[in-house]
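# Structure assessment
In case you want the letters, here they are:
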Amino acid sequence: MNPFRSLGASTIARVEAVGRAGVMLFGALFALPKLKNIALTIKQIHVVGVQSLLIIIVSGLFIGMVMALQGYTILVDYGAEGSLGPMVALSLLRELGPVVTALLFAGRAGSALTAEIGLMKTTEQLSSMEMMAVDPLRRVISPRFWAGLISMPMLAVIFSAVGILGGHLVGVDWLGVDAGSYWSLMQSSVDLGSDVGNGVIKSLVFAIVVTWIAIFKGYDSTPTSEGISKATTETVVFSSLAVLGLDFVLTALMFGIE
Amino acid sequence: MNRYKAELMVGVFVVLTVGAVLLLALKVANQSMTTDGDTYTLYAKFDNIGGLKERSAVKVGGVTIGRVTSISLDKKDYTPVVELSIISKYSEFPETSSVSILTSGLLGEQYVGFQPGFSFDGIANLKDGDYLQDTKSALVLEDLIGQFLFNRGDSDNGE
């Protein structure tokens, strides 16, 4: 094939995909939740959020513990091990909490969403819903999208809190940093609005991106077993890349300019 | 039954999140003191504020009594003006009080050290909006080193 023609074809295919994704997001967002849909959304929060709790809590605990251990060995050389608290808290709240939660969420819940919706499409459940005059956007897509949007900031907050407690476990209980300076220096350097608040905003943005990619990849997958496996892989790869790229942009906007 | 269980677990999830938010808000982040409202404002002009920032602490003998709320430049004589917000509880400082910019530790943050003056008869207390007259600027390390080298050069010439 003519290389120019294949370039043009792939560009058109990409732009079309973005357009389809936009139309789907619009449909999912503005399919206003009825009372019945709220029940569906709660069920999806259970699937997407509650079932991700274990991996979030365990990862948060271990990341907090590792950071306390690493930070201690460096800070103790300068006699500044009291600053362990601010170090652990700020890195969790600003960066690791939102980012690692989004990556784990993409692997744990995003891939499941893609596979589930992809299989629904392959087995023609979505088309049969349309036959029965049930809008699949409203019945299937919208509850999952809202569930992802609600769950991920909650998971990120839990991740940060557990991580800080994990840092306390290693730093204070094991390595002997003074508990008072761990908490009081943390309090004097963490700001509720600019650190905790910006972290939550970050994870809200990641939630939109990851859930959107996951749902769209399933909704738009080729209805074969190979297509589902490809869509699931792409969900994890694309959303991880998007999260890391967006994180840089958001960090530059939020913390870059003093 | 299944739906009941799902709703129960989502409820537990919400409770966990609220607990985490409370931990972050109450134990990890600082409660911003300047928003309390029961504060009064003093101003101080310095020659050089060094690395002082907004929200830096104002301390008397190590006890925080307020915060720096804004730093601006006086249009007329181009000296920095620092706005200090002091908790109303500590409102009886005499006019002879002085402020200086100090550093906590060798590499620590800079803060405003507040030195209460002696109160005699006829010396009023500081009121809201007053300017503190007696101020000492921040020590800038580069200036000190420059002065030191300059003095050394002088003494070498003298010998």
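Residues numbered from 1 in each chain as written. Chains lettered and ligands numbered in written order. Predicted model: local features only at pLDDT ≥ 70, side-chain atom pairs only at ≥ 80, totals over all residues. Heavy atoms only, no water.

Turning next to the environment of Ser240 of chain A. Residue and element names in this part refer to chain A. If you trace the backbone, Ser240 turns up in helix H9 (residues 225-256). By relative accessible area, which is 18% here, Ser240 ends up buried. Sequence separation of Ser240 and Gly82 is 158 residues, and the distance between their C-alpha atoms is 34 Å. (Helix = DSSP H or I, 4+ residues; strand = E, 2+ residues; numbered from the N terminus. Buried < 20%, exposed > 50% of the residue type's maximum accessible area, 1.4 Å probe, protein only.)

On the surface, a nonpolar cluster with roughly 650 Å² of combined accessible area is contributed by Leu139, Leu141, Leu144, Ile145, Phe148 and Leu149 of chain B. Structurally, Leu141 of chain B is set in helix H2 (residues 141-158). (Patch = residues over 30% accessible without salt bridge, like charges linked within 9 Å, V, L, I, M, F, W, Y side chains within 5 Å. Areas by Shrake-Rupley, 256 points an atom, 1.4 Å probe, with all protein chains shown as cover. Salt bridge = Lys/Arg side-chain N within 4 Å of Asp/Glu carboxyl O.)

Sequence positions flagged by UniProt for "transmembrane region" (unreviewed entry) are, in local numbering, residues 12-32, 53-76, 96-119, 145-176, 196-215 and 236-257 of chain A. This span, residues 196-215 of chain A, is 100% helix and 0% strand, and a straight line between its end C-alpha atoms measures 28 Å. (UniProt positions renumbered as here; feature names shortened; annotations may be inferred.)

Right, let's get into the domain arrangement of chain B. Entries for chain B in the domain assignment read domain 1 (1-34) and domain 2 (39-141). When each unit is reduced to the centre of its C-alpha atoms, the spacing between domain 1 of chain B and domain 2 of chain B is 40 Å. (Domains from an automatic or database assignment.)

For the rest of this paragraph, the subject is the interface of chain A and chain B. Interface size is commonly expressed as the accessible area that is lost once the parts come together. Contacts between the two partners involve 25 residues from chain A and, on the opposite side, 20 residues from chain B. Summed over both partners, the interface of chain A with chain B buries about 2,000 Å², with 80% contributed by carbon and sulfur atoms. Our enumeration of links across chain A and chain B arrives at 0 salt bridges. At the boundary of chain A with chain B, the tally comes to 0 residue pairs in polar contact (both at pLDDT 80 or more). Put simply, the parts of the chain that give the side of chain A that touches chain B at least two residues each are helix H2 (35-48), helix H4 (84-122), helix H6 (136-174), helix H7 (179-189) and helix H8 (192-219) of chain A. Class assignment of the residues belonging to the side of chain A that touches chain B gives a composition of 19 nonpolar, 5 polar and 1 charged. (Contact = heavy atoms within 4.5 Å. Buried area = accessible area lost by both parts, 1.4 Å probe. Polar contact = N/O pair within 3.5 Å; in protein donor to acceptor, adjacent residues only side chain to side chain. Nonpolar A, V, L, I, M, F, W, Y, C, P; charged D, E, K, R; others polar.)

Glancing now at the packing of H7 of chain A against helix H1 (residues 2-28) of chain B. With their axes 9 Å apart at the nearest point, H7 of chain A and H1 of chain B run at an angle of 90° to one another. By the criterion of interaxial angle, the relationship of H7 of chain A to H1 of chain B is roughly perpendicular. Contacts from Trp183, Met186 and Gln187 of chain A in H7 of chain A reach Leu26, Lys27 and Val28 of chain B in H1 of chain B. (Axes fitted to C-alpha atoms, helices over the stretch in contact; angles between N-to-C directions. Parallel < 35°, antiparallel > 145°, perpendicular 65-115°, else oblique.)

It is characteristic of soluble globular proteins that their nonpolar side chains tend to be buried jointly. With 67 residues, the main nonpolar core has Ile141, Ile164, Met186 and Val190 of chain A together with Phe13, Leu24 and Val28 of chain B as its most contacted residues. Not counting the four nearest positions on each side in its chain, Leu24 of chain B is found in contact with Leu93, Val157, Ala161, Ile164 and Val196 of chain A together with Ala29 of chain B. By size, the runner-up hydrophobic cluster in this structure holds 20 residues, among which are Leu42, Leu52, Ile101 and Ala138 of chain B. (Core = buried A, V, L, I, M, F, W, Y, C linked by side-chain atoms within 4.5 Å.)

Residues given the UniProt feature "transmembrane region" (unreviewed entry) here are residues 6-26 of chain B. Helix makes up 100% of residues 6-26 of chain B and strand 0%, with an end-to-end C-alpha separation of 30 Å.

What follows is about the packing of aromatic side chains. Taken as a whole and judged by the stated rule, the model has 4 aromatic pairs over all chains. With 5.4 Å between their ring centres and 90° between their planes, Tyr182 of chain A and Trp183 of chain A make a pair best called edge-to-face. The cationic tip of Arg94 of chain A hangs over the ring face of Phe255 of chain A; the distance from NZ or CZ to the ring centre is 4.4 Å. One residue, Lys59 of chain B, lies across the ring of Tyr111 of chain B, its end atom 4.7 Å from the ring centre. (Phe/Tyr/Trp six-rings, centres within 6.5 Å; stacked < 30°, edge-to-face > 60°. Lys NZ or Arg CZ within 6 Å of the ring centre and 35° of its normal.)

Residue and element names in this part refer to chain B. Taking strand neighbours across the sheet as the criterion, the 8 strands line up as S7-S1-S4-S3-S2-S6-S5-S8 in an open arrangement whose pairing is mixed. A strand with exactly one partner marks an edge of an open sheet, and here the two such strands are strand S7 (131-132) and strand S8 (134-136). In this structure, strand S5 (residues 98-103) lies alongside S8, joined through 3 bridges in parallel fashion. In the sheet register, Ser100 faces S8, and the bridge partner there is Lys136. (Pairing = 2+ DSSP bridges.)

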